[in-house]
Amino acid sequence: MRIHSSIGVFLGACLLVSCVPGRNGASSVAPEEVLRRSAEASRVLQSASFDGSADITVRAPESGTIVSYLALAGALQDAGQQVHVTVEGSVAGGTEERPVSGEGKVELITAGGSDTFFFLHSLEAGEEQSFFNPEAVGKIAGTWWRIPAQQPSGSVPITPDPGLLQAQVEVVKVTREYGIRTLDGAQVFHYDVTMDPELLMTFLRKVAEEKGESFDEAEVRKSVERMRMEGELWIDADTYHVRKLEWKIEQDPADDRGAQVTVVFRMNMRDHNKADPITLPERAELFSPFVLLGGDVDAGTSPSPEDLLPATEDTGEGAFDRFDAMTPQEQQEFLQQFLGGGTMPSLP
C-alpha cells in the first residue's frame, strides 16, 4: 500500500513541462543546453493541455501479477495551481484463488490549496475483492462532490505540484541523440534519456529544503537505488516546449515479500499558454469518504472502520496486516487521506 515519495514526485513532474521564446540555430544547440533551456522555461508556463496513458504492472509473491491501464486527459492553469483531469482505467490479474478485476472513470479538479472536486462516471469491481458497496457507488455517481482541502503529514501528493515543473529535465541525462525530427508538423529535438540517481537526489533534497520539510537521505537513497528510469523526450526546437515524453520506470521490491512495480508512462503536451480556462463546479455536495465504502448518502452515516475492508481470508494473509494493527481512529484517518485531498497516505 506504500507509494514512495520519489516515484510520486517524478510522476507528478511528468505532467508539467515547458515554454520559452524561440531561439535560432536549433541544430547546433547541445543536448545539455536544450535541457537547461527547457528546465528554465518551465518556470513561466501558465497553462497547457495534455493527454496520456500508463500501463502499471505489479508482481508480488502472494497476490500474483496485477496489470492496470490508465488513460488520462486534461489541462492545467496558473502554472499548475489548477488541474482538471479525467482518468479512465481498468485492472485485472491476481491469482486463481484471489482474482482481481475492475474498471472505472473519474473526473478530478484541484485548485491550489483549496478543495478538490470529483465526478464519478463509473466504478465496477469483481465481487471477490470489491471494497465498495455497489449501492453506494450508484448513489454518488453522476454528481459533483467536494472534498475539503487537506494535506496530512505523512502523505504523498498524487496531483501535480507547481514546484516540480522543472524536474522533468533536471534529473535526466541524454544517452542518445536523434537530431531534429518532425512531430505534428513541428521540428523537435528527439533524445533517449535516463534518470540520473544523483541528480534526482539533489532535486528531491532541494524540494524538501524549499518546503521546510525533513529529508531522510539514507531512506530516500535506498528507494532511488531500487529504481530504473529510461525514456524519450521530444522538445520543440523553436519554443523548447516538451511536446511528448515516454518513460519506463521499474522499482525492485525492498524485500522478498515485496512487489516489483513496472510503469510505462506516455504523455503528449499541447496548447502551451493557450489552454481553455478551468471552471470549478457551481454546485457540489460535501463528500464523506465513508459514503463510497457503504455509508448512507442521505443520512450522512458511515460504517465502522472494521467493516470497511474484506476479511483476511478473502484478501490473503498479510494483505492488510499494517491496517489491522492500527487503532480505529488511525484507520479512519488513513481512509480519509486515501480518498480525500489528492494524496496517497503511508501506513505507519
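Quick caveat: nothing in here was measured; it's all calculated off a predicted structure. (Residues numbered from 1 in each chain as written. Predicted model: local features only at pLDDT ≥ 70, side-chain atom pairs only at ≥ 80, totals over all residues. Heavy atoms only, no water.)

A. Spotlight on the pairing of strand β2 (residues 64-77). Relative to β2, strand β1 (residues 48-60) runs antiparallel, the two being bridged by 13 bridges. When the bridges of β2 are listed, Ser49 appears paired with Ala75. Between β1 and β2, which pair antiparallel in sequence order, lie three residues. Two strands pair when backbone bridges link them, and β2 and strand β3 (residues 82-94) are joined in this way by 13 bridges, in the antiparallel orientation. Along β3, the bridge assignment pairs Val67 with Ala92. The hairpin turn running from β2 into β3, its antiparallel successor, is four residues long, and Asp78 in that turn takes a positive phi close to 50°. (Pairing = 2+ DSSP bridges. Helix = DSSP H or I, 4+ residues; strand = E, 2+ residues; numbered from the N terminus.)

B. Broad picture of the sheet that holds strand β12 (residues 260-270). In space, the twelve strands of this open sheet follow the order β8-β9-β10-β11-β12-β1-β2-β3-β4-β5-β6-β13, with mixed pairing throughout. With partners counted over all chains shown, the strands left at the sheet margins are β8 (172-183) and β13 (285-286), one partner each. With nine bridges joining them, β8 and strand β9 (residues 186-195) adopt antiparallel strand pairing. What sits directly across from Arg181, in β9, is Val188.

C. Summary view of the pattern of salt bridges. One pass over the structure, following the stated rule, counts 14 salt bridges. The shortest N-O distance in the salt bridge between Glu33 and Arg36 comes to 2.8 Å. Of this pair, Glu33 and Arg36 both sit in helix α2 (residues 31-41), three residues apart, roughly one helical turn. The salt bridge involving Arg146 is made with Asp115; its shortest N-O contact spans 2.9 Å. Of the two residues, Arg146 is situated in strand β6 (residues 144-147) and Asp115 in the loop between β4 (99-111) and β5 (116-125); the sequence distance between them amounts to 31 residues. (Salt bridge = Lys/Arg side-chain N within 4 Å of Asp/Glu carboxyl O.)

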